[in-house]
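Chains, contacts and geometry: an overview
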Amino acid sequence: MIFHKAQLDNGLQIIAELNPNAHSLAIGYFVRTGSRDETDAVSGVSHFLEHMAFKGNEKYSADDVNRIFDEIGANYNASTSEEITLFYGSFLPEYVETAMELLSTLIYPTLRQEDFDMEKKVILEEIGMYDDLHSFTAYEKVMQAHFKGHPLGRSILGSVQSITDLTAEQMREYHAKQYMAGNLTLAIAGNADWDEILELAHKLCDHWPAGKSDRPIDEAQPGTGTQTIIEKAIQQQHIMQLGPAPAAQDMLRLPAEVLSVVIGDDSNSRLYWKLVDTGLAESAEIGFNEYDGSGTWLTYLCCDPELTEDNRKLIQQIFDDVNENGITQEELDRARNKIASRLVLRSERPMGRLSSLGGNWVYRGEYFSVADDLKLLNNITLADIQKLLEKYPLGHSTTAAVGPLTSVVK
């Protein structure tokens, strides 16, 4: 593996982890923009823009973009989160020039009015689809409550009203502000020639406007309380709870990742053996989510409504025990091995490395090889876990409940 980095005069950062023995190549544009960078007036525009990217530009129509991706056998897509919009694809190495041109086309689409009007209907349908996903509803509600008054509380999809009211001109203004080259990182993993990558980047991206938008990253001051959405017709109760956790720039994020596996992984964790294996709940998990300047513990419980209160108490008992007594060396070793295996298995394909490569650069401006990640992981001690728990104990400050019960959590 050989790491390279460069920056164009307009601010576009280019990073690459190249491996001449790989049989494929993955490329991604990481745009530092998401729902937290929006305003009420344009809520949902980042995700809407992700869709519009595939509508083409003056050179390539929407049909062209998708047809050519298919012709080169690409695995391609895009995603939008609270903080990053990612356009990515994996290909055979001989198609690097075509792939980079098409991915670059996605960054600066034409944003035609007729495309905007048509895609708005698709977005509204998607919002309706997600409204039927009760766990997603719980996630949106608990994020809004936990980050009340903070940009991280904004919905990624936006609302029916905000998308209905959004205009093409507002989208163009947002795109011009957020898609300046200084907000973008081009990440490459796999089999490619660095000189060719640089040459293509200059050819395709030198004309992009320079600049970088600002994003305040002060740590959020979480709200408190419970939101209850009553859905009498469904059979299960969905509970999501958030509590403060380390931010993306905090070294405690690594112990947090380990602790979440020990306590709330979807297999062989303390929550799993206490609630899922015993048939008390369909799901009982805790995850760690990191953001610019903030982080969260996310606890999710899905179970028979009649068991909700007892299950919630069992979860709290586990949290109280961990907060007071920590975890054992055996649990730490097992979690480190589990994470190490996942990390290495994922890294064996360039597409599996792309997310880690780009994410580390966008959030921390650092490159970590797989060996670096394993070394950091293996250096985590019980003392690190204890330090984490002293600053960010397991628990919650906000709750969202979706299901038949009218009141579930005090």
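Refer to the preceding data block for the structure.
Reading guide: rules and limits
Residues numbered from 1 in each chain as written. Predicted model: local features only at pLDDT ≥ 70, side-chain atom pairs only at ≥ 80, totals over all residues. Heavy atoms only, no water. Salt bridge = Lys/Arg side-chain N within 4 Å of Asp/Glu carboxyl O. Helix = DSSP H or I, 4+ residues; strand = E, 2+ residues; numbered from the N terminus. Buried < 20%, exposed > 50% of the residue type's maximum accessible area, 1.4 Å probe, protein only. 1 Å grid on protein atoms, 1.4 Å probe; cavity = no way out; pocket = protein on both sides within 12 Å on 5 of 7 lines; lining within 4 Å. Points joined across faces, edges and corners; volume = space filled by probe spheres on them. Nonpolar A, V, L, I, M, F, W, Y, C, P; charged D, E, K, R; others polar.

The next point concerns the pattern of salt bridges. Within the structure shown, the criterion is met by 21 salt bridges. Residue R353 is joined to E17 by a salt bridge in which the shortest nitrogen-to-oxygen separation is 2.8 Å. With a gap of 336 residues between them, R353 in helix α13 (residues 350–364) and E17 in strand β2 (residues 13–18) connect regions that are remote in the sequence. Look at E17 and you get buried, because its relative accessible area is 2%. In this structure, D265 engages K338 in a salt bridge whose closest nitrogen and oxygen atoms are separated by 3.0 Å. One end of the pair, D265, is in the loop between α9 (253–264) and α10 (270–276); the other, K338, is in helix α12 (residues 329–347), with 73 residues separating them in the sequence. The buried category is assigned to D265, whose relative accessible area is 11%.

To continue, consider the layout of surface pockets. There is about 1500 Å³ of room inside the largest pocket. As for the largest pocket, its lining consists of 46 residues, of which E257, E290, R346, S355 and R364 are closest to the centre. Among the secondary structure elements, those contributing two or more residues to the lining of the largest pocket are β4 (75–80), β5 (85–91), α9, β9 (283–290), α12, α13 and α14 (370–378). Broken down by element, the residue count for the lining of the largest pocket peaks at ten residues, all from α13. Grouping the amino acids of the lining of the largest pocket by side-chain chemistry returns 22 nonpolar, 13 polar and eleven charged. A volume near 370 Å³ is recorded for the second largest pocket. Every residue lining the second largest pocket is counted, 17 residues in all, and those nearest its centre are E140, Q144, S155, G158 and S159.

Attention shifts here to empty space enclosed by the protein. Any space left empty among the atoms is revealed by the rolling of a water-sized probe across them. In the structure shown here, the tally under the stated rule is one cavity of 30 Å³ or more. Each pocket or cavity is described by its volume, and for the largest cavity that value is around 30 Å³. In terms of lining residues, the largest cavity is bounded by Q241, R312, I315, Q316, F319 and H396. In terms of residues, the lining of the largest cavity owes the most to one element, helix α11 (residues 308–325), which gives four residues. Looking at side-chain class alone, the lining of the largest cavity contains two nonpolar, three polar and one charged residues.

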